[in-house]
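Coordinate analysis (summary)
Here is how the chains run, residue by residue.
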Amino acid sequence: QVQLVESGGGLVQPGGSLRLSCAASGNMLSINDMCWYRRAPGKEREFVAIITGGSSTNYADSVKGRFTISRDNAKNTVYLQMNSLKPEDTAVYYCKADILDYGWRRQDYWGQGTQVTVSS
């Protein structure tokens with residue numbers, strides 16, 4: 001069974017930085033795209049960033065220039081470096097991975113989320 005576990009969230013002041021991690025474990029043939037989403041208070045879940053299997057990246061306009069997504073394939077881990085954080089970045093952050101398992105089944109897996117709070 002494939003599992004994703006996020007870590008690195010916490011409380012930070014505006015202008016500060018955090019680095020989130022999401023590690024995938026289990027029986028997998030390959031991991032294709034890996035993404036970060038977030039759900040802010042009173043809002044729907046929204047896309048934040050994506051890194052493909054070929055390591056190309058894209059970002060939501062609201063975080064472009066401030067956040068950086070990266071991956072370490074040897075560790076089956078995706079990262080989100082968040083700089084110049086704003087109060088509106090406060091949300092639960094979730095990772096998603098497009099995974100092919102040993103039964104040749106391809107589907108999305110989600111982590112449980114990690115809380116990021118930006119406040120003075």
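The rules behind these values
- Residues numbered from 1 in each chain as written.
- Predicted model: local features only at pLDDT ≥ 70, side-chain atom pairs only at ≥ 80, totals over all residues.
- Heavy atoms only, no water.
- Helix = DSSP H or I, 4+ residues; strand = E, 2+ residues; numbered from the N terminus.
- Contact = heavy atoms within 4.5 Å.
- Polar contact = N/O pair within 3.5 Å; in protein donor to acceptor, adjacent residues only side chain to side chain.
- Pairing = 2+ DSSP bridges.
- Axes fitted to C-alpha atoms, helices over the stretch in contact; angles between N-to-C directions.
- Salt bridge = Lys/Arg side-chain N within 4 Å of Asp/Glu carboxyl O.
- Buried < 20%, exposed > 50% of the residue type's maximum accessible area, 1.4 Å probe, protein only.
- Lys, Arg positive; Asp, Glu negative; His and termini not counted.

Position of Gln-81 relative to the elements: it lies in strand 8 (residues 77-82). Beyond its immediate sequence surroundings of up to four residues, Gln-81 is in contact with Ser-17, Leu-18, Arg-19, Arg-66, Phe-67 and Thr-68. At a separation of 3.0 Å, a polar atom in the side chain of Gln-81 contacts the side chain of Asn-83.

With that settled, consider the environment of Arg-66. Turning to its location among the elements, Arg-66 is positioned in the loop between strand 6 (57-59) and strand 7 (67-72). For the pair Arg-66 and Lys-96, spaced 30 residues apart in sequence, the C-alpha separation works out to 20 Å. Setting aside its immediate chain neighbours within four residues, Arg-66 contacts Gln-81, Met-82, Asn-83, Ser-84, Leu-85, Lys-86 and Asp-89.

Pairing within the open sheet is antiparallel, and its 4 strands lie in the order 1-3-8-7. Each edge of the open sheet carries a strand with a single partner, namely strand 1 (3-7) and strand 7. Strand-to-strand twist in this sheet, taken as the mean axis angle between neighbours without regard to direction, amounts to 15 degrees. Where strand 1 lies against strand 3 (residues 18-25), 5 bridges are found, and the strand directions are antiparallel.

Looking at chain direction, strand 3 and strand 8 are connected through 6 bridges and run antiparallel. The residue bridging Leu-18 from the neighbouring strand is Met-82, located in strand 8.

What follows deals with the pattern of salt bridges. In the structure shown here, the tally under the stated rule is 8 salt bridges. One salt bridge in this structure joins Asp-89 and Arg-38, with 3.0 Å as the shortest N-O distance. Residue Asp-89 is found in the loop between strand 8 and strand 9 (91-101), and its partner Arg-38 is found in strand 4 (residues 28-39); the two are separated by 51 residues along the sequence. For the pair Asp-89 and Arg-38, one class covers both residues: buried. A salt bridge links Glu-44 to Arg-39; the nearest nitrogen and oxygen atoms lie 3.6 Å apart.

What follows deals with the side chain of Glu-6. Residue position: Glu-6 is located in strand 1. Although Glu-6 is buried, it makes no salt bridge; Arg-45 carries the closest opposite charge, 9.3 Å away. Among the polar contacts made by the side chain of Glu-6, one reaches the main-chain amide nitrogen of Gln-112 at a distance of 2.9 Å. Setting aside chain neighbours within four positions, we find Glu-6 in contact with Ser-21, Cys-22, Trp-36, Tyr-93, Tyr-94, Cys-95, Gly-111, Gln-112, Gly-113 and Thr-114.

Any functional reading would require information that these geometric values do not contain.
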